[in-house]
Amino acid sequence: MAYDISASHRANNQWVLAAFYFNGNPRQIFRFRAYRLMSPPSEGFPVRMELNTLLPHLEKQLRLCSHRPDMWWREVWNVWCKKKNEVLRTGKIDLEEWNQLQTVGLKTMVSPLGGCDVLWDPNWDPAKHSYLYVDEYDDDCPDSGESNVEAFGSVHGALPPGQSQHATMEAGTKGAIVDSISMIPGKRILIKDELSIWKDEFWINDRGYDPDAVEEGQGDQEGMPFIYGNQRGIPYKLKRVTNFSRSSGDDNVEQEPPQLPAVSDLEAYPGLDRTIANSDLEWTLGEEYRTPDLFQEKMQAVGIA
């Protein structure tokens, strides 16, 4: 989601909360992440995105309202107040308090995934994003040497419209090994990622390998078998379904944190305004956005009874 962020906010790191879930069920989450985006030292340098897992007490709280992402930042604030042994008081969160949460508070509630930082590079290398030039329905793919991905997409119709940004892992093509927390608890997984984002689409070429089981002819070039990911080099393609905006009220963006509306009583915080951007995928938002019959139809279409 995007906000009209004032100059005073742009100077700070920005945090994004994300949950990944199965079967159009936001209560069936398999991965929670907190992403910290750090401004580059100057123009032309990459934007660093630090990947973090949530500490158990924060993840537990967010799972209680996993179907209401418009309320997540309220819950983060609640958890931080409890951590500081403070009672959540009424009244506005002023800019100084909000910045303290972002610069100090959040770092005490998450755990960085070492070696998994992602770099959004304005000088990206097309050779590292070959999935952009793969058509899963046509084996006759164009040359991946095309550097103007917007021009390529407009000609071939294979890519989303508009400008795009692209990222690779700082660890490079060798990837990074992490301990799985939710997918296969206790299992080591070698992660390799490349990412591309447009206004309304987010492609994640995410693959996980078993570094402790090498089988010749399997998985990657070193024979590590796949744990997850597409073996044909086709990324996960996520489409925007909703837009979030600040609730109606005071429009003084300079004086208010971008993630929270201008309300006088935090206990009455109604959440961010949520509007549907893609009605065809609205059913994936949860029970409130579909009928049981529609859900059954969608699940049967992908082979899930």
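Everything below is about the structure shown above.
What this report covers is the structure whose coordinates are included nearby. Quick caveat: nothing in here was measured; it's all calculated off a predicted structure. (Residues numbered from 1 in each chain as written. Predicted model: local features only at pLDDT ≥ 70, side-chain atom pairs only at ≥ 80, totals over all residues. Heavy atoms only, no water.)

1. Details of the overall build of the protein
Link 1 in the chain: Helices and strands together make up the secondary structure of the protein, namely 6 helices and 13 strands.
Link 2 in the chain: Buried residues in the protein amount to 43% of all 305 residues.
Link 3 in the chain: Nonlocal contacts in the protein, meaning residues at least 24 apart in sequence, comprise 58% of its contacts between residues at least 6 apart. (Helix = DSSP H or I, 4+ residues; strand = E, 2+ residues; numbered from the N terminus. Buried < 20%, exposed > 50% of the residue type's maximum accessible area, 1.4 Å probe, protein only. Contact = heavy atoms within 4.5 Å.)

2. Brief notes about the packing of helix α3 (residues 72-83) against helix α4 (residues 95-105)
Link 1 in the chain: The geometry of α3 relative to α4 is characterised by a closest axis approach of 12 Å and an angle of 75° between their N-to-C directions. Taken together, the axis directions place α3 and α4 in an arrangement best described as roughly perpendicular. On α4, the residues touching W73, V76, W77 and W80 of α3 are E97, W98, Q100, L101 and G105.
Link 2 in the chain: Residue composition of the contact of α3 with α4, by class: 6 nonpolar, 2 polar and 1 charged. (Axes fitted to C-alpha atoms, helices over the stretch in contact; angles between N-to-C directions. Parallel < 35°, antiparallel > 145°, perpendicular 65-115°, else oblique. Nonpolar A, V, L, I, M, F, W, Y, C, P; charged D, E, K, R; others polar.)

3. Describing the environment of W80
Link 1 in the chain: Along the chain, W80 turns up in helix α3.
Link 2 in the chain: Once residues lying within four places of it in the same chain are set aside, the contact partners of W80 are E97, Q100, L101, G105, T108 and M109.

4. Some words on the nonpolar core
Link 1 in the chain: Counting residues in each nonpolar core, the largest one holds 21 residues, and the members touching the most others are L17, L54, L62, V76, L101 and M109.
Link 2 in the chain: Within the residue set of this core, elements represented by two or more residues are β1 (14-21), β2 (29-38), α2 (56-63), α3 and α4.
Link 3 in the chain: Contacts of L101, omitting those with residues within four sequence positions, involve V76, W77, W80, L106 and M109.
Link 4 in the chain: In this structure, A18, M49, L113 and A167 belong to the second largest nonpolar core, which totals 19 residues. (Core = buried A, V, L, I, M, F, W, Y, C linked by side-chain atoms within 4.5 Å.)

In short, geometric facts, not functional conclusions.
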